[in-house]
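# Structural characterization, general
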Amino acid sequence: VVNPSRMDPSPKALSLVLLLCSLCAPCSPAEFCCGTVVPESPVLELGKTFTATCVLSEHGHQQTGATADDIYWEFANVTVDRKYYTKINESAVSVTVNVTQDLRSPLKCNVATRVLPRKNVHGIFFTVGYPPEKPNNLSCIVVQSGTNISSKMSCKWDRGARDPLLETTYIIHASFFNKHFSGTSTDKNHGELDFGVLPIYVIMNISVEVANKLGRISSDILTRDPLDFLKVNPPKDVTVSCEEAFPMALMVKWEHPLVSPEIPLLYNIRFSAAGTNVWSEISPDDIPSEISSFRLQNLKPNTVYAVQVRCMYFESKMYWSDWSESVMEKTPEDS
């Protein structure tokens with residue numbers, strides 16, 4: 001016997017009425033009539049209450065002698081305890097249960113009388129699950145593709161810890177001016193938009209919408225210039241050279257990684273004496289964005305150094321590039 005404890009009498013309880021035999025041909029005592037279901041395939045929210053009502057048709061009642069007292073309910077083949085029934089009138093009985101994962105489809109309304117053997121009046125198939133949770137911590141990234149900026153924006157989010165147990169769609173929306181882009185993701189916490197050509201120097205509104213048969217909800221809107229999400233490649237052609245006149249210095253040079261040099265970048269340099277894992281860094285604040293060379297000073301003479309350079313979009317300060325490959329160079333001897 002099903003024991004649907006902790007019932008919630010909330011007005012939000014889902015109601016289902018099984019309308020039986022209203023349009024059917026006359027029923028014989030040995031053969032009960034058909035019915036309709038509203039809705040036919042309900043989706044039930046776990047943790048909520050669910051009420052179904054079985055209504056015997058007037059004609060079926062006359063033919064079989066069945067009344068509300070002869071109605072009983074089953075989930076699959078498990079009979080529901082009568083303490084969860086509510087007799088509405090002589091031809092209608094409802095059942096109210098708490099929706100749990102223990103409920104097994106279908107839910108069947110049956111009758112049995114002294115002259116009528118156990119008979120299924122009508123059954124419904126249902127699924128259970130949760131509405132989607134609000135996506136949080138939406139973030140996006142645009143990477144460099146070749147020598148230019150990719151046309152694609154990848155976004156990720158936290159979908160919440162609860163599995164909705166239902167087919168759920170995730171749609172990324174992006175809009176600016178009167179233009180709107182959207183893309184459906186097959187992933188639960190990651191998706192991508194392809195703009196063809198990435199719009200830059202515009203303010204774009206980005207969000208992710210989640211939907212299933214129990215609800216629809218959107219993340220907070222992320223409002224940024226797409227350039228703010230840019231992650232470029234490391235600077236190109238990094239070289240390090242020594243100068244005999246400066247035994248405690250090395251000259252570092254590089255090239256802008258994008259074909260569009262008008263996109264300003266910040267640079268960060270780090271260096272380490274060969275054979276050690278201790279890196280020293282030159283703060284980006286000490287390297288003007290418009291330059292492509294920098295002299296490392298106060299180094300040890302006659303010492304091999306490994307040098308690396310990275311960069312990021314000047315305005316956003318969001319994503320550093322990876323570090324460039326190490327370039328090795330030895331400072332001159334101190335005369």
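Here the structure is shown first, and the text comes after it.
It should be emphasised that the depicted structure is a prediction, and the values quoted were computed from it without experimental measurement. (Residues numbered from 1 in each chain as written. Predicted model: local features only at pLDDT ≥ 70, side-chain atom pairs only at ≥ 80, totals over all residues. Heavy atoms only, no water.)

## Some remarks on the overall build of the chain
The criterion, for reference: A run of H or I in DSSP counts as a helix once it spans at least four residues, and a run of E counts as a strand once it spans at least two, with each numbered from the N terminus. Throughout, exposure labels follow a simple rule: accessible area from a 1.4 Å probe, protein chains only, divided by the maximum for the residue type, with under 20% read as buried, over 50% as exposed, and the rest as partly exposed. Note on contacts: a residue pair is in contact if any heavy atoms of the two residues lie within 4.5 Å. Exposure was quantified through the Shrake-Rupley algorithm and a 1.4 Å probe, taking into account, for residues, occlusion by the shown protein chains and nothing else.
Scanning the chain for helices and strands turns up one helix and 28 strands. By the burial criterion, 45% of the 335 residues in the chain qualify as buried. Long-range contacts, defined as pairs at least 24 residues apart, comprise 66% of the intrachain contacts of the chain with a sequence gap of at least 6. Here the chain displays about 17800 Å² of accessible surface, and carbon together with sulfur accounts for 49% of that area.

## With respect to the nonpolar core
To keep things clear, this is the line we draw: Only buried residues count toward a nonpolar core. Its members are Ala, Val, Leu, Ile, Met, Phe, Trp, Tyr and Cys residues joined through side-chain atoms within 4.5 Å.
Grouped together as the largest cluster of nonpolar side chains are 45 residues, with contacts concentrated most on Met153, Ile206, Trp254, Ile269 and Leu296. In terms of residue count, the dominant contributor to this core is strand 27 (residues 304-313) (five residues). Setting aside chain neighbours within four positions, we find Trp254 in contact with Pro235, Lys236, Asp237, Val238, Tyr267, Ile269, Ile287, Ile291, Ser292, Ser293, Phe294 and Val309.

## A closer look at the sheet that holds strand 22 (residues 236-243)
In plain terms, the rule: Here, any two strands with at least 2 DSSP bridges between them count as paired. Only C-alpha atoms enter the line fits that serve as axes; for helices the fit covers just the stretch in contact. Angles between N-to-C directions range over 0 to 180 degrees.
On the basis of which strands lie adjacent, the open sheet formed by three strands has the order 22-23-26 and antiparallel pairing. Of all strands in the sheet, those bounded by a partner on one side alone are strand 22 and strand 26 (293-296). Adjacent strand axes in the sheet meet at a mean angle of 20°, parallel and antiparallel pairs treated alike. As paired strands, strand 23 (residues 246-255) and strand 26 are joined by four bridges and run antiparallel to one another. Residue pairing across strands places Val252 opposite Phe294, the latter belonging to strand 26.

## With respect to the state of the cysteines
Applied cut-off: Disulfides are defined as cysteine sulfur pairs within 2.5 Å.
Enumeration over the complete set of coordinates arrives at two disulfides. Disulfide pairing places Cys140 opposite Cys155 at an S-S distance of 2.1 Å. What sets the handedness of the Cys140 and Cys155 disulfide is the S-S torsion sign, and at about 100° it is right-handed. With Cys140 in strand 12 (residues 136-145) and Cys155 in strand 14 (residues 152-158), the pair connects residues that are 15 residues apart, well separated along the chain. An identical accessibility class is assigned to Cys140 and Cys155; each is buried. When the cysteines engaged in disulfides are numbered in sequence order, the chain pairs them as 1-2, 3-4.

## Some thoughts on the sheet that holds strand 5 (residues 71-75)
Spatially, four strands are ordered 6-5-9-10 in an open sheet, and the strand pairing comes out antiparallel. Each edge of the open sheet is held by one strand with a lone partner, namely strand 6 (78-79) and strand 10 (119-124). Bridge analysis of strand 5 against strand 6 gives two bridges, and the strand direction is antiparallel. Residue Glu74 lies in a different strand from strand 6, and its bridge partner there is Thr79.

## Observations regarding the pairing of strand 15 (residues 169-176)
Counting buried positions along strand 15 gives six out of eight residues, so the element sits mostly inside the fold. Bridge analysis of strand 15 against strand 16 (residues 179-185) gives seven bridges, and the strand direction is antiparallel. In the sheet register, Ala174 faces strand 16, and the bridge partner there is Phe181. Where strand 15 folds back on strand 16, the antiparallel hairpin that results is connected by two residues, among which Phe177 adopts a positive phi of roughly 50°.

## Some points on empty space enclosed by the protein
Just so we agree on the cut-off: A cavity here means a set of points on a 1 Å grid, drawn over the protein atoms and nothing else, where a 1.4 Å probe fits but cannot get out; a pocket is an open set with protein on both sides within 12 Å along at least five of seven lines, and a residue lines either one if it has an atom within 4 Å of a point. Grid points are joined across faces, edges and corners, and a volume is the space filled by probe spheres set on the points. Here the term charged refers only to Asp, Glu, Lys and Arg, the term nonpolar to Ala, Val, Leu, Ile, Met, Phe, Trp, Tyr, Cys and Pro, and the term polar to all other amino acids, Gly among them.
One pass over the full model with this rule turns up one cavity of 30 Å³ or more. Computed from the structure, the largest cavity encloses a volume of approximately 70 Å³. What lines the largest cavity is Tyr130, Pro131, Pro132, Glu133, Arg159, Arg162, Asp163, Pro164, Thr168, Tyr170 and Val210. A class-by-class count of the residues in the lining of the largest cavity yields six nonpolar, one polar and four charged.

## Brief notes about the environment of His190
One can find His190 in strand 17 (residues 190-194). His190 sits in the partly exposed class, given a relative accessible area of 33%. Between the C-alpha atoms of His190 and Cys155, which are 35 residues apart in sequence, the distance is 5.7 Å. Setting aside its immediate chain neighbours within four residues, His190 contacts Ser154, Cys155, Lys156, Trp157 and Ser185.

## Here we look at the environment of Lys231
As for its placement among the helices and strands, Lys231 is situated in strand 21 (residues 230-231). Along the chain, Lys231 and Tyr319 lie 88 residues apart, while their C-alpha atoms are 5.3 Å from each other. When sequence neighbours within four positions are dropped, the list of residues in contact with Lys231 reads Ile141, Val142, Val143, Gln144, Tyr319, Trp320, Ser321 and Asp322.

## Comments concerning the packing of aromatic side chains
Put simply, the rule is: By convention, a stacked pair of Phe, Tyr or Trp rings (six-membered ring in the case of Trp) has centres within 6.5 Å and planes under 30 degrees apart, an edge-to-face pair has planes over 60 apart, and any other such pair is tilted.
Following the criterion strictly, the structure yields seven aromatic pairs and no others. Judged by centre distance (5.8 Å) and plane angle (85°), the rings of Phe75 and Phe126 are edge-to-face. A residue pair is termed long-range when its members are at least 10 positions apart, and Phe75 in strand 5 and Phe126 in the loop between strand 10 and strand 11 (127-129) qualify at 51 residues. Judged by relative accessible area, which is 2%, Phe75 ranks as buried. Summarising the aromatic geometry, the rings of Phe176 and Phe181 are spaced 6.2 Å apart at their centres and angled 10° between planes, so their arrangement reads as stacked. For Phe176, a relative accessible area of 7% translates into the label buried. For Phe181, a relative accessible area of 24% corresponds to the partly exposed category. Three or more aromatic residues joined by ring pairs make a cluster, and in this case those are Phe176, Phe177, Phe181 and Phe195.

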